[in-house]
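Residues per chain, in single letters:
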Amino acid sequence: MTTAEKLAQLDAHSARVLRCGGPKAVEKQHALGKRTARERIELLMDTGTFTEVDRFVRHRCTSFGMGDKDIPADGVVTGYGKIDGRTVFVYAQDFTAQGGSLGEMHAAKICKIMDMALEAGCPVVGLCDSGGARIQEAVDALSGYGQIFYRNACSSGRIPQVSVIMGPCAGGAVYSPALTDLIVMVEKESQMFITGPAVVAATTGEEISAEDLGGADTHTTMSGVAHLSARSEEEALGAVRCLLSYLPSKAGARPPLMDFTEHEELQPLLDTVIPDDSSLPYDMHDVVRILLDEDSVMELQPYYADNIITCFGRLGGHSVGVIANQPFSMGGSLDINASDKAARFIQLCDAFGIPLINLVDVPGFLPGADQEHAGIIRHGAKLLYVYSVAEVPKLTVVLRKAYGGSYLAMCSKDLGADFVYAWPTAEIAVMGAAGAANVVFRKEIQAAEDPKAARREKIQLYSEQFATPYMAASRGFVDLVIRPSETRARLLEALELLINKERQPHPRGNMPL
Ligand code: HXC
């Protein structure tokens, strides 16, 4: 062969692979409103920056007539490119090629990309659209999954890992996304489940659709498996770009510092946000929006455990993670799901050096047999643990209620908060005034001529003495009682002070909690 012929051969090989699973399969994919793996990568990456690796990898399976079967790129496109100018590694399963099923070489390609990403200190994004383990490859396929899980775990907390579910994701295959830091699901076209509807029906007799069992709605409202759902593939991939903008390329590096403009005129609104009647709710989202840089808030799991808000945002251009009780839902109390949701978010922020801002208005851990029997002690303890060991700057603002164990669990001074600010409306105490009066003054109330009036009086007495920030401030548990409208300025000041806070060099995994 001449050199020219060899070059033409390369072009022919490439063209064969770039057709994905062929025109018919691509047409079927498009008819379902889905894109091919290559089209998705183009959307995800900065234009023209993608470089493919392992384009010519071929499977080695010979069982069940597979020997002659051509599966372009072995059903997964892998490589690297740029997102907002930073290098990101990507793998995208190609459903048009043997259903994106995962065999030995398909897995080896994903593993290679994960290894390269860890070595280069760059994030990995996985676009999942697959019929699962390639049945013809039997245990080789299972081994492939195992090797991916192993790498997911070993890379955890060292480089950001993001999964986008853009088709079926079934069986043990769901555990690779579950081991990554963030999961985005495309509504109506993606499902995640350990056992699909047919197996569920056969084993339990329960009839349920794939969508109800493991669609985006299910996992963003009920199970908490996914962090975000998107109405379209464009929206999902846009969300990934946005998520990565808050994260560094690797642990120990800094997230990009963004431009911002001050919005001083909004700050006085905070002075009126807390209702005079402390039993009334308000929307903590308003507080978060006012405190952070304009248009910088990206909430995770907004419809799951909405009694706690977890979001990325920016303060003075720096990435921050906000954990905030939401009085609008269950009074902002902490239950099992809220504890798990917040704990994993805190762990993620700590792994990647993102400072924490804790906005506290919490009446307590949710009481009840359901919660106790399901292990609120075990789940609540995760919150205490991750806050205690987190070494990023920790800034706490007590807006209103901060009672008992939940006061500590929202990152009090004792759990290592670098700064604790309290608003004059803060009530930092062992419990609410009504409960406290019932216990402390029980005998006096019972003996009174008018027990109801006596109880009211004792509640008032307790509130004045203890349901304030001043007792905590007198002991130094609160660094400063501040006007709400000066909160942003104080937080900015503290963040600038702490942005170079020393951290132990040990790696921190982001274990699924
Ligand atoms: C081999 C597969 C495949 C698989 C799909 N294909 N899944 N080939 N192994 N797992 C092939 C099909 O044979 C077909 O090939 C092509 O991909 C497209 O699939 P269709 O069935 O035509 O697509 P569709 O009708 O859209 O149905 C999609 C589907 C279905 C629902 C995902 O393909 C399906 O049920 N697949 C099997 C799912 C499954 O049980 N996987 C194993 C899960 S257990 P042709 O040649 O006809 O185009 C698992 C264990 C992992 O993954 C454990 C990890 C620890």
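These figures come from a predicted structure and were not determined experimentally.

Caption draft 1: Inspection of helix α12 (residues 336–351) at higher detail. In a regular helix each residue adds 1.5 Å, so 16 residues correspond to 22 Å; α12 covers 23 Å between its end C-alpha atoms and thus fits that length. A large share of α12 lies buried, amounting to 15 of its 16 residues.

Caption draft 2: The arrangement of the packing of helix α3 (residues 37–44) against helix α10 (residues 233–245) in detail. It is at 9 Å that the axes of α3 and α10 come closest, and there the two elements cross at 45°. The angle between α3 and α10 falls in the class oblique. At the point where α3 passes α10, the crossing takes the right-handed sense. Counting all contacts with α3, which are made through Arg40, Leu43 and Leu44, the residues of α10 involved are Glu233, Glu234, Leu237, Val240 and Arg241. Here the residues of the contact of α3 with α10 sort into four nonpolar, no polar and four charged.

Caption draft 3: Spotlight on the pattern of salt bridges. By the definition in use, this model includes 31 salt bridges. Between Asp361 and Arg400 there is a salt bridge whose closest N-O contact spans 2.9 Å. In this pair, Asp361 is assigned in strand β13 (residues 356–362) and Arg400 in strand β14 (residues 394–403), connecting sequence segments 39 residues apart. The exposure class of Asp361 is buried, given its relative accessible area of 0%. Ionic pairing is found between Lys458 and Glu444, a salt bridge with its closest N-O pair at 3.3 Å. Remark: Glu444 occurs in helix α17 (residues 442–447) and Lys458 occurs in helix α18 (residues 451–466); sequence separation between them is 14 residues. Residue class for Lys458 comes out buried when judged on its relative accessible area of 14%. It is possible to trace a salt-bridge network through shared partners that takes in Lys34, Arg35, Arg40, Asp129, Glu189, Glu233 and Glu234.

The rules behind the values
Residues numbered from 1 in each chain as written. Predicted model: local features only at pLDDT ≥ 70, side-chain atom pairs only at ≥ 80, totals over all residues. Heavy atoms only, no water. Helix = DSSP H or I, 4+ residues; strand = E, 2+ residues; numbered from the N terminus. Expected span 1.5 Å × (residues − 1). Buried < 20%, exposed > 50% of the residue type's maximum accessible area, 1.4 Å probe, protein only. Axes fitted to C-alpha atoms, helices over the stretch in contact; angles between N-to-C directions. Parallel < 35°, antiparallel > 145°, perpendicular 65-115°, else oblique. Left-handed = near helix turned anticlockwise from the far one by under 90°. Contact = heavy atoms within 4.5 Å. Nonpolar A, V, L, I, M, F, W, Y, C, P; charged D, E, K, R; others polar. Salt bridge = Lys/Arg side-chain N within 4 Å of Asp/Glu carboxyl O.

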